[in-house]
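Take a look at the letters that make up each chain.
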Amino acid sequence: MRITVCLTDTRPEAWVSGLRAALPGVEVDVWAPGAPPADHAVVWAPPQAFIDQQPALRGLFNIGAGVDALLRLALPPQTRIVRLDDAGMSVQMAEYVCHALIRHFREFDGYAADAREARWGYRKPLSRRDFPVGVMGLGALGERVARTVAQFDFPVNGWSRTPKPIDGIRGFAGAENFDAFLAASRVLVCLLPLTPDTRGIMRHETLMKLHGGRPGGYVINVARGAHLVEADLIPLLDAGQLAGAALDVFETEPLPPAHPFWRHPKIEVTPHASARTLREESIAQIAGKIRAVEAGAGFDTLAGVVDARRGY
Ligand code: NAP
Ligand code: GLV
């Protein structure tokens, strides 16, 4: 069995040595044009030229959760895509979303500004009841986020494609219930996969429905930049319809230095850092799945196997 590693924007050496240690006796190498074809590949955003040299590829193991970049490739018919199933990301996402939510709700930026002026002043406590949080996507990451936010006593709504009952979360499912979900939510968290159905899901028309159309909505996008129609955001912030946004992902990454998001006073920018891939956990998970497949398990028994027609 042969495994090849092809990672864009990530140094592959530690992945190769980690996979070799986790799968003794298996040939693991960094891909180079002309290298012999592999049975499995460990990848992040590989080029089509890489796929074109893998006619016998069975498993395409992504070192991230989102597979939108892989679904754009033309794959051999037998190849199955397997994404990371949490692998230490959900706790990071929960930290990020709770941090953004609580920073906004408790007005910590205002206190920080006061502290810089040596000003001792209280702000009137706000009610959590007035800040229902809506989490779009209740998968490996969204469910953990929704549960963690609920621990802070915020009312939490969850929206998924199919019904997903979770204790303490008000569930909404399907396009037919999207408007009701938006109306019931003031803080909107995006943890959807990027698919034709979800691209541009946060745009003027939908953001106007947040919080029943009242001003004061807040947007947290930690999924993909293309979920948000970027040109629609600043006018809604400047008009006071939205109170702010915490954005970790962008249509163009890295976010260009001249992009207005960097300097807008109501936008917090982070560089696609809300949930980083943790190498050790990811190697252990991927190696476990490769061992299972080689022992005869079907790909459909693996957590995180992608349904290409569904898009995630
Ligand atoms: P996942 O386990 O595949 O969960 C996806 C969720 O979205 C599911 O609940 C699914 O509904 C729901 N969904 C999909 N299409 C929908 C639609 N059209 N309408 C309503 N709900 C829909 O994904 P995950 O592991 O939680 O990751 C989510 C995304 O986060 C990834 O795809 C990736 O793009 C992003 N991400 C970002 C970072 C970062 O650092 N910023 C890190 C990791 C991941 P069902 O439950 O009904 O299937
Ligand atoms: C990161 O964005 C991921 O999809 O894992």
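This text follows the structure it describes.
Since the model is a prediction, treat every value here as computed from it, not as a measurement.

1. As for the layout of surface pockets
Over the atoms rolls a probe the size of a water molecule, and its path tells where empty space is left. Size it by volume and the second largest pocket reaches roughly 290 Å³. Listed by contribution, the elements that provide at least two residues to the lining of the second largest pocket are α4 (89-105), β11 (242-247) and β12 (267-269). No other element matches the three residues that β11 contributes to the lining of the second largest pocket.

2. Some words on helix α10 (residues 279-294)
For α10, spanning 16 residues, the distance from its first C-alpha to its last is 22 Å, which sits close to the expected 22 Å at 1.5 Å a residue. Listing the buried residues of α10 in full gives Ser-282, Ile-283, Gln-285, Ile-286, Ala-287, Lys-289, Ile-290 and Val-293. In the core, the buried residues of α10 are packed alongside β1 (2-7), α1 (13-22), β3 (40-44), β4 (59-62) and β5 (80-82). Immediately beyond the C-terminal end of α10, within one or two residues, lies Gly-296, with a positive phi of roughly 110 degrees.

3. What to know about the environment of Thr-8
By secondary structure assignment, the location of Thr-8 is in the loop between β1 and α1. What makes Thr-8 partly exposed here is its relative accessible area of 31%. Separated by 36 residues in the primary sequence, Thr-8 and Trp-44 have C-alpha atoms spaced 5.7 Å apart. Those residues in contact with Thr-8, other than ones at most four positions away along the chain, are Trp-44, Ala-45 and Pro-46.

4. Let's talk about the sheet that holds strand β8 (residues 170-173)
Here seven strands make up an open sheet; going across it, the order is β8-β7-β6-β9-β10-β11-β12 and the pairing parallel. Each having just a single partner strand, β8 and β12 make up the two edges of the open sheet. For this sheet, the mean inter-axis angle between neighbouring strands, taken without regard to orientation, is 15 degrees. Relative to β8, strand β7 (residues 156-160) is paired through four bridges, and the arrangement is parallel. What sits directly across from Gly-158, in β8, is Gly-171. α4 rests against β6 (133-136), β9 (187-190), β10 (217-221), β11 and β12 of the sheet, and its axis sits at about 155 degrees to β10.

Rules and cut-offs
- Residues numbered from 1 in each chain as written.
- Chains lettered and ligands numbered in written order.
- Predicted model: local features only at pLDDT ≥ 70, side-chain atom pairs only at ≥ 80, totals over all residues.
- Heavy atoms only, no water.
- 1 Å grid on protein atoms, 1.4 Å probe; cavity = no way out; pocket = protein on both sides within 12 Å on 5 of 7 lines; lining within 4 Å.
- Points joined across faces, edges and corners; volume = space filled by probe spheres on them.
- Helix = DSSP H or I, 4+ residues; strand = E, 2+ residues; numbered from the N terminus.
- Expected span 1.5 Å × (residues − 1).
- Buried < 20%, exposed > 50% of the residue type's maximum accessible area, 1.4 Å probe, protein only.
- Contact = heavy atoms within 4.5 Å.
- Pairing = 2+ DSSP bridges.
- Axes fitted to C-alpha atoms, helices over the stretch in contact; angles between N-to-C directions.

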